[in-house]
Amino acid sequence: QVQLVESGGGLVQPGGSLRLSCAASGNIFNIYVMGWYRQAPGKQRELVASITHGGRTNYADSVKGRFTISGDNAKNTVMLQMNSLKPEDTAVYYCVAKGLVTGPFTYWGQGTQVTVSS
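1. Considering the overall build of the protein
When you go through the protein residue by residue, the secondary structure sums to zero helices and eleven strands. Shown N-terminal to C-terminal, the secondary structure of the protein runs as helices and strands in the order β-β-β-β-β-β-β-β-β-β-β. Principal-axis analysis of the C-alpha atoms gives the protein an extent of 40 × 25 × 25 Å. The buried share of the protein, reckoned over its 118 residues, is 42%. Long-range contacts, defined as pairs at least 24 residues apart, comprise 54% of the intrachain contacts of the protein with a sequence gap of at least 6. Accessible surface for the protein amounts to roughly 6,300 Å². Of this, 50% is attributable to carbon and sulfur atoms. Of the charged side chains in the protein, 10 are positive and 6 negative; the average position of the first set lies 3 Å away from that of the second.

2. Considering the nonpolar core
In this structure, Leu4, Met34, Trp36, Leu80, Met82 and Tyr93 are the most contacted members of the largest nonpolar core, which totals 30 residues. Secondary structure elements with two or more residues in this core: β1 (2-7), β3 (18-26), β4 (33-39), β5 (46-52), β7 (67-72), β8 (77-82), β9 (91-98) and β11 (112-116). Tyr37, Tyr94, Val96 and Phe105 belong to the second largest nonpolar core, which has five residues in total.

3. Some remarks on the state of the cysteines
The final tally for this structure, using the stated rule, is one disulfide. Note that Cys22 is cross-linked by a disulfide to Cys95, the S-S spacing being 2.0 Å. Handedness of the Cys22-Cys95 disulfide follows from its S-S torsion of about -80°: it is left-handed. Remark: Cys95 occurs in strand β9 and Cys22 occurs in strand β3; sequence separation between them is 73 residues. Assigned by exposure class, Cys22 and Cys95 land together as buried.

4. Looking at unusual backbone geometry
In the Ramachandran plot, Asn76 falls in the positive-phi region, its phi being about 55° despite a non-glycine side chain. When you line up the elements, Asn76 lands in the loop between β7 and β8.

5. Observations concerning the side chain of Arg66
On the secondary structure map, Arg66 appears in the loop between β6 (57-59) and β7. A residue is classified by how much of its surface remains accessible, and Arg66, at 11% relative accessible area, is buried. For Arg66, the contacting residues outside a window of four places in its chain are Gln81, Met82, Asn83, Ser84, Leu85, Lys86 and Asp89.

Procedures and definitions
The residue count restarts for each chain, going from 1 along the sequence in the order it is written. The model is predicted, so local features are restricted to residues of pLDDT at least 70 and side-chain atom pairs to those at 80 or more, both for listing and for counting; the totals for chains, interfaces and linings are taken over all residues. Only heavy atoms go into the side-chain values, all of them from the structure, while hydrogens and water stay out. The helix and strand labels rest on DSSP assignments: H or I over at least four residues marks a helix, E over at least two residues marks a strand, and numbering proceeds from the N terminus. Throughout this description, buried means an accessible area under 20% of the type-specific maximum (1.4 Å probe, protein chains only), exposed means over 50%, and partly exposed covers the range between. Contacts between residues were defined by any pair of non-hydrogen atoms, one from each residue, lying within 4.5 Å. Shrake-Rupley sampling with a 1.4 Å probe provides the accessible areas, and residues are treated as covered by the protein chains on show and by no other component. A residue counts as positive if it is Lys or Arg and as negative if it is Asp or Glu; His and the chain ends are not included. Lysine's charge is taken at NZ, arginine's at CZ, aspartate's at CG and glutamate's at CD. Residues belong to one nonpolar core when they are buried, are Ala, Val, Leu, Ile, Met, Phe, Trp, Tyr or Cys, and are joined through side-chain atoms within 4.5 Å. By disulfide we mean two sulfur atoms from cysteines, separated by a distance within 2.5 Å.

Structure, rendered in structure tokens:
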């Protein structure tokens, strides 16, 4: 089993920045890909960004150029730097992980709320 714990959510004004962190523990050798999903009320869950153990990244079109995902393999952490935040970025953000390149993410954190509002 793998446990994921997020931190760093909160309230920020439009145009501001936030940095989310996720610490993985447990059977971390099962992890090959980590990422962040988000879900806003009334909207479908969206994969925001992902990163492989080798550092390959992928982003949703809605966040390209504004969000940056990075990982620290030594510390078993993944971060999401979010800049130029918009009200539509408001959502619960979930850290996710899986052991294969393909297929669904099998490990989920408890989620952290990000609210972008003036």
